[in-house]
Amino acid sequence: MLGLGSSLALGGPPSEFNILSTSPDVWIKFNTGQTIPDIDTDGDTDIHWADQSGNGNDATQSNDVKEGSFDSGAWKSADQADYLAFDSSITLTDAYTIFMVLKTDNDKDTIFGSTNNLMRIGQTSTKLRVRHGASYVQNDITYETGETFTTDSHVLLRIDRNASDEFSVTQNSTTVIIDEASVNSGTFVISNVPAGSYGIGDRRLYEVVIFDRALTASEISLVEADILDRTSLTAD
């Protein structure tokens, strides 16, 4: 039986493991389901990234000035205004786990959110923070551990919130960025990734997996090992 972290030590998850076995609510997968159809029938190509969870919640963009492009298996943003919109908003309840592989520039990057909710990193130029906001109630969370997000290199972020409103962020499986900071109660709605106005600049989004529940330690180990392996990342 695999123990916590064993799959990482072996260089990847067991060959029979599939993220679908953990029932994600949304899964836009690296280098998978990426097409450029003419969604708005205006004569040019648009962005369509098919959800692999089986729930049919695809990420798309047909606004030519906000759509970015696919590049080497990732979605490439041209500037902070670019974003992808899910077909249906995802409403997360008390506990959730989110995995994202992205490249960020730490300049007020809003990695996902909606009109009333946002998750933002690099809140100021002098003090790195995460801003967790729901229904206009915002919490600026400083990096209590003294760690910082890796810049200009693609990383795996795991974002956890438990039923006690404790919030944590982990980078590349092992580096704890924020450890169980308190956040406001209430649901968190995700409609865009990244999320308009302050997006991820001219950086890239490689993969997003969203669960409307807190994963177990063993599930986290398997999912992270799978993502690290497929996106050519290693644990810190």
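About the cut-offs
- Residues numbered from 1 in each chain as written.
- Predicted model: local features only at pLDDT ≥ 70, side-chain atom pairs only at ≥ 80, totals over all residues.
- Heavy atoms only, no water.
- Helix = DSSP H or I, 4+ residues; strand = E, 2+ residues; numbered from the N terminus.
- Buried < 20%, exposed > 50% of the residue type's maximum accessible area, 1.4 Å probe, protein only.
- Areas by Shrake-Rupley, 256 points an atom, 1.4 Å probe, with all protein chains shown as cover.
- Polar contact = N/O pair within 3.5 Å; in protein donor to acceptor, adjacent residues only side chain to side chain.
- Contact = heavy atoms within 4.5 Å.
- Pairing = 2+ DSSP bridges.
- Phe/Tyr/Trp six-rings, centres within 6.5 Å; stacked < 30°, edge-to-face > 60°.
- Salt bridge = Lys/Arg side-chain N within 4 Å of Asp/Glu carboxyl O.
- pLDDT = per-residue confidence, 0-100.

Engineer: Run through the overall build of the protein, naming residues and quoting values.
Structural biologist: Secondary structure summary: the protein contains 2 helices and 17 strands in total. Counting over 236 residues, the protein shows a buried share of 51%. Counting only carbon and sulfur atoms, one obtains 45% of the accessible surface of the protein, whose full area is about 10,000 Å².

Engineer: Please set out the side chain of T22 residue by residue, giving values where relevant.
Structural biologist: For T22, the position within the fold is in the loop between α1 (6-9) and β1 (26-28). Side-chain polar atoms of T22 contact the backbone oxygen of I19, separated by 2.6 Å. For T22, the residues in contact, after removing those within four places along its chain, are F17, F211, R213, E219 and V223.

Engineer: Go over the pairing of strand β15 (residues 175-182), please, and point to the residues and values.
Structural biologist: Both strand β14 (residues 166-171) and β15 contribute to a ladder of 5 bridges, which runs antiparallel. Directly across from V169, in β15, lies its bridge partner I178. The loop that links β14 with its antiparallel partner β15 comprises 3 residues; one of these, N172, has a positive phi angle of about 45°.

Engineer: Summarise the environment of T142; cite the residues concerned and give the values.
Structural biologist: Tracing the chain through its elements places T142 in strand β12 (residues 137-142). With 39 residues separating them in the primary sequence, T142 and A181 have C-alpha atoms 9.1 Å apart.

Engineer: Just give me the short version of the packing of aromatic side chains, but keep the residues and values in it.
Structural biologist: Tallied over the entire structure, the rule returns 5 aromatic pairs. For the pair Y96 and F188, a centre-to-centre distance of 6.3 Å together with 50° between the ring planes defines the contact as tilted. Here the residue Y96 occupies a position in strand β8 (residues 96-102), and F188 occupies one in strand β16 (residues 188-193), the gap between them amounting to 92 residues. The exposure class assigned to F188 is buried, which follows from its relative accessible area of 0%. Seen in terms of ring centroids, F99 and F211 are 6.1 Å apart; in terms of plane orientation they differ by 80°. Their pairing is edge-to-face. Linking F99 in strand β8 with F211 in strand β17 (residues 204-211), this pair joins segments that are 112 residues apart in sequence. For the pair formed by F99 and F211, the shared burial category is buried.

Engineer: I'd like a rundown of the pattern of salt bridges, residues and numbers included.
Structural biologist: Throughout the structure, instances matching the rule amount to 8 salt bridges. R204 is the salt-bridge partner of D71, the closest N and O atoms lying 2.6 Å from each other. Residue D71 is located in strand β5 (residues 69-71), and its partner R204 is located in strand β17; the two are separated by 133 residues in the primary sequence. Exposure remark for D71: the relative accessible area of 28% places this residue in the partly exposed category. Exposure remark for R204: the relative accessible area of 18% places this residue in the buried category. Among the salt bridges present, the one from E207 reaches R230, with a minimum N-O distance of 2.6 Å. Taken together, the residues E207 in strand β17 and R230 in helix α2 (residues 217-230) connect sequence positions 23 residues apart.

Engineer: Describe the environment of D229, listing the residues and the values that go with them.
Structural biologist: One can find D229 in helix α2. Separated by 216 residues in the primary sequence, D229 and P13 place their C-alpha atoms 7.9 Å from one another.

Engineer: Requested: an account of the confidence of the model for the protein, with residues and values cited.
Structural biologist: When pLDDT is averaged along the protein, the result is 85, and 86% of the positions lie at 70 or above. Between residues 1-10, whose pLDDT stays under 50, and residues either more than four places distant or in other chains, the model counts 18 contacts.

Engineer: Give me the pairing of β8: which residues, what numbers.
Structural biologist: The buried fraction of β8 is high, at 7 of 7 residues. The side-chain alternation of β8 yields two buried faces, one formed by Y96, I98, M100 and L102 and the other by T97, F99 and V101. Note: β8 against strand β13 (residues 155-161), 7 bridges, orientation antiparallel. Each residue of the ladder has a partner; that of Y96, found in β13, is R161. Sheet analysis places β8 next to β17, joined by 6 bridges and oriented antiparallel. Bridge pairing in β17 places M100 opposite V208.

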